[in-house]
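Residue-level listing of the chains:
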There are 2 protein chains.
Amino acid sequence: MKARIYVTLKEGVLDPAGKAVVGGVHALGYSEVSEVRIGKFFEMELKDSSDGERIREMCGQLLANPVIEDFRIELGNS
Amino acid sequence: MKARIYVTLKEGVLDPAGKAVVGGVHALGYSEVSEVRIGKFFEMELKDSSDGERIREMCGQLLANPVIEDFRIELGNS
């Protein structure tokens with residue numbers, strides 16, 4: 001069983017690294033990019049019997065900071 | 001127009017941060033997790049007329065290190 005977890009900054013939280021990427025892509029000539037926000041992406045290998053609710057609880061405790069971040073989980077077999 | 005870019009380490013490339021997360025979740029009692037690999041996730045706001053092929057080229061130049069990382073792009077409107 002696999003879990004894919006996407007951690008993103010909540011709306012309204014500043015993302016200076018994202019702003020730096022915008023500066024970088026503009027410097028390379030890609031002016032079509034207007035905003036970038038950077039998040040984290042975890043691919044997790046789980047035992048087949050794992051409980052999705054427990055995994056969600058774990059993400060809130062360890063992988064995301066609920067004060068400034070949101071997360072989304074996809075559970076699947078590949 | 002929006003692009004979502006997922007950057008992951010190539011298979012075979014060691015991920016010490018992922019190993020640290022495995023140690024952390026085991027210490028919290030989540031023994032069902034056997035492997036974690038950490039990647040990056042970019043959400044990009046683009047002009048509507050943007051060319052997907054150009055965006056792909058940009059990712060290879062700036063957002064991912066093609067020696068050790070793979071990336072995947074999703075283009076869409078939301």
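To start, this report covers the structure provided alongside it. Only a predicted model underlies this, so the values are computations on that prediction, with no experimental measurement involved.

Comments concerning the packing of aromatic side chains
- Applying the stated rule across the entire model yields five aromatic pairs over all chains.
- With a centroid separation of 5.2 Å and 15° between ring planes, the pair formed by tyrosine 6 of chain A and phenylalanine 41 of chain A is classed as stacked. Of the two residues, tyrosine 6 of chain A sits in strand E1 (residues 2–9) while phenylalanine 41 of chain A sits in strand E2 (residues 33–46), which places them 35 residues apart along the sequence. The residues tyrosine 6 of chain A and phenylalanine 41 of chain A share a single accessibility class, namely buried.
- Ring geometry for tyrosine 6 of chain A against tyrosine 6 of chain B: centres 5.6 Å apart, planes inclined by 65°, an arrangement best described as edge-to-face. Note that tyrosine 6 of chain A is positioned in strand E1 and tyrosine 6 of chain B in strand E1 (residues 2–9), a pairing that runs across two chains.

Digging into the relation of the copies chain A and chain B
- Once chain A has been moved 0.0 Å along the axis and rotated by 180°, it coincides with chain B to within an RMSD of 0.0 Å. Such a turn and shift between the copies fits a two-fold axis. Among all residues of chain A, the minimum C-alpha distance to the rotation axis is found for lysine 40 of chain A, at 2.3 Å.
- Comparing interface residues between copies, 100% of those in chain A also lie at the interface in chain B; the contact surface is shared.

Rules behind the numbers
- Residues numbered from 1 in each chain as written.
- Chains lettered and ligands numbered in written order.
- Predicted model: local features only at pLDDT ≥ 70, side-chain atom pairs only at ≥ 80, totals over all residues.
- Heavy atoms only, no water.
- Phe/Tyr/Trp six-rings, centres within 6.5 Å; stacked < 30°, edge-to-face > 60°.
- Helix = DSSP H or I, 4+ residues; strand = E, 2+ residues; numbered from the N terminus.
- Buried < 20%, exposed > 50% of the residue type's maximum accessible area, 1.4 Å probe, protein only.
- Least-squares fit on C-alpha atoms with pLDDT ≥ 70 in both.
- Contact = heavy atoms within 4.5 Å.

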